[in-house]
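Residue-level structure breakdown
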Amino acid sequence: MSRATQSHSSTSKRREPNPWSGLSPFHMSALDYLKAGFLPIPLPLGKKGPPPSGTPNSLEVTKARILEWMEDPRPRNIGTIVPDGLVVLDIDGMPGRDTLRELEMQFGELDNTWISFRGDPNHYHLWFRTVDGLNWPGKLGAGLDVIHRHYRYAVLPPSIHPDGTQYRWAKP
């Protein structure tokens, strides 16, 4: 067998390398988020779900579980089960902004806080520290949901939204 034939036969048997291998949002950031106190979960790349079975109430997120998920080379978005001590206001469009404005007029303005977003000024998450053990409703009004430890999960930066934009953080 000639050198060219040997080279061709060995490359034709190899799987093409995954260009996302180790570079997907989940693979790049899950351990850092865990270290920061989040409960990271893998999501399909370019999608918001579905999350792993048991999310958010029956799934235990540990370093060992994250390392197990990381063994899967498929590219993944990253989400989080919102840990105790945090609550997320999910503003969804103008109805959500209007509801938030009405609540601030009634109860006072919210403190500046971290925001996660994907480039659309009408859709974003406001992240707040809270006291552990508080009970939260799932919805505060039209377009304004509350994401907390036992209700839903949130997509985290640097995930890719279904429309192709990337989630990002903005400082207060």
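Residues numbered from 1 in each chain as written. Predicted model: local features only at pLDDT ≥ 70, side-chain atom pairs only at ≥ 80, totals over all residues. Heavy atoms only, no water.

**A few points about the sheet that holds strand 5 (residues 123-129)**
What the 6 strands build is an open sheet, ordered 6-7-3-5-4-9; its pairing is antiparallel. Here the strands that pair on one side only, and so sit at the sheet edges, are strand 6 (139-141) and strand 9 (168-170). Going from strand to strand, the sheet's axes swing by 25° on average, the running direction of each strand aside. Where strand 3 (residues 86-92) lies against strand 7 (residues 144-147), 4 bridges are found, and the strand directions are antiparallel. Directly across from L89, in strand 7, lies its bridge partner V146. (Pairing = 2+ DSSP bridges. Helix = DSSP H or I, 4+ residues; strand = E, 2+ residues; numbered from the N terminus. Axes fitted to C-alpha atoms, helices over the stretch in contact; angles between N-to-C directions.)

**Considering the confidence of the model for the chain**
Across the chain, pLDDT averages 88, with 87% of residues at or above 70. Considering only residues more than four positions removed or in separate chains, one finds that residues 1-12, a stretch of pLDDT under 50, has 2 contacts. (pLDDT = per-residue confidence, 0-100. Contact = heavy atoms within 4.5 Å.)

**A word on the packing of aromatic side chains**
Evaluated as defined, the whole model comprises 5 aromatic pairs. With centroids separated by 5.8 Å and ring planes inclined at 70°, the aromatic side chains of F38 and W127 adopt a geometry described as edge-to-face. Of this pair, F38 sits in the loop between helix 2 (25-35) and strand 1 (39-44) while W127 sits in strand 5, placing them 89 residues apart in sequence. On the accessibility criterion, F38 (13% relative accessible area) is buried. Ring pairing ties together the aromatic residues Y33, F38, W114, W127 and W169, which thus form one cluster. (Phe/Tyr/Trp six-rings, centres within 6.5 Å; stacked < 30°, edge-to-face > 60°. Buried < 20%, exposed > 50% of the residue type's maximum accessible area, 1.4 Å probe, protein only.)

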